[in-house]
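Close look at the chain arrangement
Below, each chain spelled out in residue letters.
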Amino acid sequence: MEDGFGASSTSPFLTESLELAMEVEHENSRPSFFSCAFDSQNGGRKFSPESYLASGSLKRVLLRLDPSPNDYEENTVELFGFQWVTEMALVESCGFLFGLLRQQIYRLENLVQMSSSDFGQAAHLHSEAEKIRHQCLKFLDYVKVFIFRYLEPPKVENDGVLHTDEEVEAQLPSVLVEELHALTVNIDHLCELPSNVLAAFTIQNQAKVFPPSWHLLHLHLDIKWLVLEVLHVLGEKLKKQVVYANHFINLTGENLTNISLFEKHCGNLISDLIRLAINKYTKVRPSEALTSSHYSCNCIKELWILLIQLLDHRNKGSNTECFWSLVNTTLKNIFEQPSTSESVSGFETVQCKDPLSFSWWVMSHLALLYQFDRNGNLDEKKQKESNWKFVEELLKKSTDAQTGVLEEHLRMHLQCCLTLCSFWDLNLSIVTILWDYYSKNLNSCFTVPWLGLKDLANVSKTSLSMLELAKRCCCEQQVPSLYNSSNSYFIFLSILARIMKEENNGVHPWKQIKGRIYSKFHRKRMQELTEMGLQNFFSLFLMLAIVVETEDIVSRVLDLLDFLTPSSITTARRALIWRGHFAFLLIYVEKNMDISALAEKISNAFREKAKEFLVTKNDYTQRQNLWTLLSTYIDGAQEVFETSSYLSLSEEKLLNDGFTMLLPACRGAELSMVLNFLQVVLARLRSVHERVSQGPQLGKAAPDAQLPLVAKEHHLAVASALWRNFFPYLKSQRMSQTPPSPQLADTAAGFTLLALDIPSKALPDLQPQPVLSMMRLFGWDDMVWPQLVSRYLSHLIENSSLCEDFSSMGYTSYEALTVRSWFRCVLQMFLDQPSGALAKTDAERTVGKAYMEQLTEMTRLIFKLSEVENILLKANVGQSVFKQDPKNALVQFIKAVGRTYSGLQTLPEKSAMVAKTLEYLGDVLKYVKPYLKAKGPPEGLQLTYWIIGCLVKFCAPILATSKAQQLLFRIVDCLLLPHSVLQQDKELPVALLSAIQESLPLYLQGLSFICCQSQTQGAYLNQLLGSIIRHYFGRFLPSSPTAPGARQHPLLTALGSSITAPQLLRLRKTTLHVIRENYLQFKGHAPPPRLASVLAFILEVLQGTQSIELCDIDFVLPAVLKCLLLVNELQEKPIRDSYLTLQRLDKMRYKNWKMRQICNVLVINPFLLDIMTLLVPKTTDFDALDKFFIFTMEIHVSIFVVVFSPMYVLIKKKILWYFIIVMHLKIVSIS
């Protein structure tokens, strides 16, 4: 700078000079000025185009270029309304012009006092004030231009005497210094301006109509800055010669030079700006420190940047104070509160609520301004001057125990420090200062009470959350948000992490600082750490392990933890240590480092605790403490498996035999957690193994050529550990006494898929086809709980790889056995429900609902099997069937099977279909045996009899075959004719009887069809059908035809359904035969029980028959006629009218015994008349007709004596009708 601008040393300056020279013709002739009146036309600029930065004014001053190259080129110039000679105005009338300047300032101050709220005058006042301000700025701009163009250093003649004109011109620099000094004295400190003027900082008027106060305030800013510019240009023009204010010195005796005036005015200006910042800081919360700027107006921000640029520029060219030096001096004076100091005049009365926090605040915001270049543009690559020395002093005060800085303020201080670290160069001293403080306070919680619950100090619950906290310290964060999200300790760790990432002259900072950190953790200190202290301990070393030497850090941490005596470690602290251990494991995994040694250490500890857990059964507290540790291990191991990319880092070490002891000891939620972990590991292993087996994707090279081979070896080791340490327990639980957890099925499915992917590592007892063995164990075994089977198979049915595997091994029964399992799952859906009438609990309802949802999903998947789809297609059953509930879907499938069989033509096809159906059914009676044994629950019995009844009815053609008849006989023996049914005197349970009554028609219809079809077992089947009818006819027969609440007899339902004519005839014939032989037989003269109900049943059968066959007459008519002969006493519960009729007959003393007997029969059993109406016209039994003819004659003769009987009309009409019929038949028979 001192030697001018040489091309070799100042080429950047020359470049900037050339750029400015090219922009001259586009230069605005209006002087630069401060303005915060932004609008949308600013194009996103930080400062207005007329500002000192954006207009290039500052750059021209610093580059020693003409301040206004396009202005003041005429001979005269107008200043304050007068014309002046451009080259002589300042020489001849310097004092006068500065007087006019002061006068204009006074005018503007008067306008401020005159301003009112009258909007009508607002525009006029704005225009007048703007004009005054422009005149002032134009004059000061002219002063800069004059100095640059016309001022020359004084020339001394040979005799040392100057000419008069030259002497006047030589005195100009001294006069300028005096006038500038007078100007600075004349204008007030910024903070001393009236409040209405300072209030203009907050004015934002898009219309750009401002009050005079706004113009006055910004004129003060302009003058304060332009005085510095003029003094700088003056010094540069005079080649840094010292200019003395001679007249001022002579009058006051005080020394005044251009340099002293610059320094004093600059110091006062910085003091003014800091005073404004102090006033603003009173409204700033600690949590908002970094988001609340220290300037009230964008012009203040620009002024700070101008000072930074100017002062640092001067500092590089001379020994003048730099910007930070002046700021530090001012801030120190605030701390010390000086009473007599010229450099900070006026600061005696400043009250700062927290000088230390204010210093941090203003320091961090001023550091940010170093990002701006001379044009006011952000330049992140720009070199930034640091101020570490002063910051270190601040940091010592912040961490001084005697100062007692609260956490809420300390957070803000460290936030500011972290911000400075991101801008300035490396400084290890601040780490030393902070570590000295935090190493003594590791057990502290570092909380802020007024932040409430969100700031409560919590120990990390998982190793992953612990690692995330450490990671957050290592990454670039939004520093302003740290106040609420982190305490001061974690902000310190962020500072430490940032510094550890840099190098100091080729030496890594960790090598310089690690001795100081390690030295704080001796045996005594480690034993003094509380749980929170251990948390902070791990946070520190986790952060260091991330950014520096991982293995060295972990090794040292393990050594330090050995200082802790086992007896002094509580369960909570040990759990925290385990979480920290797993956090280090996660770092290893993320850095692709083998975890073998570290994993073995923690897994050995896990084995010991699992063993203790197994033998601890009754001590609840001890179990809880052990489970805290064990669950910590499980969580940590799961996070390791989820984090590892290839499972090639010895993760199998974490799956040791401790799990073989842990699993049998787990209950409820404990077991659920372990199984969830197991599922995660299984899924993760399969996913990674598949990815590695496929090789690197196109365009993505593997990080290591040997990785696939190494990874596969580790995958085999993980699979082996899973089979060895987990599967035996899983296998033992498939037949537990209570329904297993759904997770058991999920896990079993995971093992099955693992056997599909890595078959070689399955246990020996599952070889050589482990997938088939697994399906037999968990999917097709009839002894396994249906809840487990349905969920297990739902995971596997749609797996194409599984289907391909069975196809490749030639196992064709895969789908059939799966359908069989579905059949069983539907039949046993009520298996775990209580058989009593107790109301279900909410938990039971929830389980039942969950199982129904699972069955619905299984049904949907079953109907997608190729075999099932083929059957449905042949039976013309729509695919919407699976949308029904599982019970109805199963019935539809049964119907489809029967229809498909009926549609087959060839014998081999039918034979194969029979075999396939039996394969679908399996031992169906075994599935329902628990219901039959327990006689409940009612829902289970209803479902059993209904589903199997549908099977008998709709698959009757299949059951009629020789292959399936054994199943049919077993169904009849177990469901319809068990030992309890054969004991007629023994009452059946209501639920069982109800289930049979509902479904009996299905069985009867199916059996009647089979009786018609079977050729080899016809007689036996007819006998079975008769036995069923015989045993259940009486059980469901009401005591009287009019018994209240009587339901329709299931035999009537069976006879009334739409079945084929041969079936109907077979069933009716068998039914009437059974009734005649068992329910119409007289013992002597005693009528059979419930005769009226029997006759009513017969009548309903005959009335529902479209065509009465001869066999119907043969079976029924003789028995009915016999009833006419032998019935001589009232039936149970006679109708009231019949009883009154008999009373009348007794009173009239008709002694004819035979007549009274017949009347009784006709009155009490009117069903006889209706039955004979149907049967007599078709009979060929002439002996019976002879007897009946005699009866009718006797009745006809005697009937006329009962004219008073209420039954007279009915009986007379009936008997006369029968008489005519009998006579007709006799004549026909004789002829």
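Quantities reported herein were computed from a predicted structural model and do not represent experimental measurements. (Residues numbered from 1 in each chain as written. Predicted model: local features only at pLDDT ≥ 70, side-chain atom pairs only at ≥ 80, totals over all residues. Heavy atoms only, no water.)

Attention shifts here to the overall build of the protein. Across its full length, the protein holds 55 helices and two strands. Looking at the 1231 residues of the protein, the share that counts as buried comes to 54%. Partitioning the intrachain contacts of the protein with sequence separation of at least 6 by distance along the chain shows that 78% fall at a separation of at least 24. Total accessible area on the protein is roughly 55,400 Å²; 52% of this is exposed by carbon and sulfur atoms. (Helix = DSSP H or I, 4+ residues; strand = E, 2+ residues; numbered from the N terminus. Buried < 20%, exposed > 50% of the residue type's maximum accessible area, 1.4 Å probe, protein only. Contact = heavy atoms within 4.5 Å. Areas by Shrake-Rupley, 256 points an atom, 1.4 Å probe, with all protein chains shown as cover.)

Before going further, it helps to spend a moment on the pairing of strand β2 (residues 82-85). Sheet topology note: the strand β1 (residues 76-79)/β2 ladder contains four bridges and is antiparallel. The residue of β2 that forms the bridge with valine 77 is tryptophan 84. (Pairing = 2+ DSSP bridges.)

A rise of 1.5 Å per residue sets the reference length of helix α25 (residues 596-615), with its 20 residues, at 28 Å; its end C-alpha atoms lie 29 Å apart and thus fit the reference within 8%. For α25, the set of buried residues is Ser596, Leu598, Ala599, Ile602, Ser603, Phe606, Lys609, Ala610 and Phe613. In a view along the axis of α25, the buried residues occupy a sector of 155 degrees, so they form one face of it. Counted as exposed and oriented over 90 degrees from the buried face of α25: Ala597 and Val615. Structurally, α25 contributes buried residues whose contacts are with α23 (550-561), α24 (571-590), α26 (620-643), α27 (658-665) and α28 (669-694). (Expected span 1.5 Å × (residues − 1). Arc of directions from axis to C-beta.)

The relative placement of two packed helices comes down to the angle between their axes together with the axis-to-axis distance. Look at helix α35 (residues 814-827) against helix α41 (residues 938-954): their axes get within 10 Å of each other, and the N-to-C directions meet at 140 degrees. Put simply, α35 runs oblique to α41. For the pair α35 and α41, the contacting residues are Phe823, Val826 and Leu827 in the first and Leu943, Thr944 and Ile947 in the second. Taken together, the residues of the contact of α35 with α41 break down into five nonpolar, one polar and no charged. (Axes fitted to C-alpha atoms, helices over the stretch in contact; angles between N-to-C directions. Parallel < 35°, antiparallel > 145°, perpendicular 65-115°, else oblique. Nonpolar A, V, L, I, M, F, W, Y, C, P; charged D, E, K, R; others polar.)

Let us look at the packing of aromatic side chains. Considering all chains together, one arrives at 63 aromatic pairs under this definition. When the ring of tyrosine 72 is compared with that of tyrosine 142, the centres are 5.6 Å apart and the planes differ by 65 degrees; the resulting orientation is edge-to-face. Residue tyrosine 72 is located in the loop between α2 (57-62) and β1, and its partner tyrosine 142 is located in helix α4 (residues 119-149); the two are separated by 70 residues in the primary sequence. Pair check on accessibility: tyrosine 72 and tyrosine 142 agree, each one buried. (Phe/Tyr/Trp six-rings, centres within 6.5 Å; stacked < 30°, edge-to-face > 60°.)

Right, let's talk about the environment of valine 710 for a bit. With respect to the helices and strands, the residue valine 710 is situated in helix α29 (residues 707-725). When the C-alpha atoms of valine 710 and leucine 649 are compared, they prove to be 9.1 Å apart, with 61 residues separating the residues in sequence.

Time to look at unusual backbone geometry. Of note, the bond from glutamine 767 into proline 768 is cis; its omega dihedral lies within 30 degrees of zero at 5 degrees. Relative to the helices and strands, proline 768 is located in the loop between α31 (742-757) and α32 (770-778). Geometrically, the link from glycine 936 to proline 937 is a cis peptide bond, its omega value of 0 degrees lying close to zero. Looking at the element boundaries, proline 937 is found in the loop between α40 (924-934) and α41. Not every positive phi belongs to a glycine, and tyrosine 72 is a case in point at roughly 55 degrees. Notably, asparagine 592 is not glycine yet its phi reads approximately 60 degrees, a positive angle.

Using the residue numbers shown here, the UniProt feature "transmembrane region" (unreviewed entry) corresponds to residues 943-960, 1158-1176 and 1188-1211. In the segment residues 943-960, helix accounts for 89% and strand for 0%; the C-alpha atoms at its two ends are 23 Å apart. (UniProt positions renumbered as here; feature names shortened; annotations may be inferred.)

Looking now at the pattern of salt bridges. Counted according to the given criterion, the structure contains 29 salt bridges. A salt bridge links aspartate 657 to arginine 607; the nearest nitrogen and oxygen atoms lie 2.7 Å apart. Of this pair, aspartate 657 sits in the loop between α26 and α27 while arginine 607 is found in helix α25, placing the two residues 50 residues apart along the sequence. Notably, a salt bridge pairs aspartate 746 with arginine 791, separated by 2.7 Å at the nearest N-O pair. Within this pair, whereas aspartate 746 is found in helix α31, its partner arginine 791 is found in helix α33 (residues 786-796), the two being separated by 45 residues in sequence. Ionic contacts of the salt-bridge type, sharing partners, join the residues Asp141, Lys144 and Glu229 into one network. (Salt bridge = Lys/Arg side-chain N within 4 Å of Asp/Glu carboxyl O.)

Further remarks concern helix α8 (residues 212-237). Here α8 is 26 residues long and its end C-alpha atoms lie 36 Å apart, about the 38 Å a rise of 1.5 Å per residue gives. Within two residues after α8, lysine 239 carries a phi angle of roughly 55 degrees, on the positive side.

Turning next to a nonpolar patch on the surface. A surface patch of nonpolar side chains, about 240 Å² in accessible area, is lined by Val242, Tyr244 and Ile259. Here isoleucine 259 is to be found in helix α10 (residues 258-281). The exposure class of isoleucine 259 is partly exposed, given its relative accessible area of 31%. (Patch = residues over 30% accessible without salt bridge, like charges linked within 9 Å, V, L, I, M, F, W, Y side chains within 5 Å.)

Within the secondary structure, arginine 1076 is located in helix α48 (residues 1061-1079). Along the backbone, arginine 1076 and valine 1116 are 40 residues apart, and their C-alpha atoms lie at a distance of 6.6 Å. Ignoring sequence-local partners within four residues, the contact set of arginine 1076 consists of Gln1081, Asp1114, Phe1115 and Ala1119. In this structure the side chain of arginine 1076 is engaged in a polar contact, spanning 2.8 Å, whose partner is the side chain of glutamate 1077. (Polar contact = N/O pair within 3.5 Å; in protein donor to acceptor, adjacent residues only side chain to side chain.)

This part covers the packing of helix α45 (residues 990-1013) against helix α46 (residues 1018-1035). At a minimum axis separation of 11 Å, α45 and α46 run at an interaxial angle of 155 degrees. One finds that α45 runs roughly antiparallel with respect to α46. The two elements α45 and α46 meet at a crossing, and its hand is left-handed. Where α45 abuts α46, its residues Leu993, Ile996, Leu1000, Leu1004, Leu1007, Ser1008, Ile1010 and Cys1011 lie against Leu1021, Asn1022, Leu1025, Ile1028, Ile1029, Tyr1032 and Arg1035. For the contact of α45 with α46, the residue count by class is twelve nonpolar, two polar and one charged. (Left-handed = near helix turned anticlockwise from the far one by under 90°.)

This part covers the side chain of glutamate 639. Inspection of the secondary structure puts glutamate 639 in helix α26. Buried and unpaired, glutamate 639 has no salt bridge, with arginine 579 as the nearest side chain of opposite charge at 8.7 Å. Reaching out from glutamate 639, the side chain makes a polar contact with the side chain of serine 463 at a distance of 2.2 Å. Within the local environment of glutamate 639, its side chain forms a polar contact with the backbone nitrogen of leucine 464, the two atoms lying 3.1 Å apart. (Lys, Arg positive; Asp, Glu negative; His and termini not counted.)

It is worth spelling out the confidence of the model for the protein at this point. The predicted coordinates should not be examined in detail at positions where pLDDT is low. Of all residues in the protein, 81% have pLDDT values of 70 or greater, and the mean over the chain is 82. Looking over the protein, one finds the lowest element-wise mean pLDDT in helix α51 (residues 1136-1147), namely 33, and the highest in α24, namely 96. This stretch, residues 1-14, has a pLDDT under 50; its non-local contacts, to residues over four places away or in other chains, come to 17 contacts. pLDDT under 50 marks residues 1195-1213. Its contacts with residues more than four places away, or in other chains, come to 25 contacts. (pLDDT = per-residue confidence, 0-100.)

By the alternation rule, side chains of β1 split into Val77 and Leu79, which are all buried, and Thr76 and Glu78, of which none is buried. Hairpin geometry of β1 and β2 is characterised by an intervening segment of two residues between the two adjacent antiparallel strands and by a positive phi of about 55 degrees at phenylalanine 80.

For histidine 126, the location among the structural elements is in helix α4. On the basis of relative accessible area, histidine 126 is assigned to the buried category, the value being 10%. With near-sequence residues (within four places) excluded, histidine 126 lies in contact with Lys208, Val209, Phe210 and His215.

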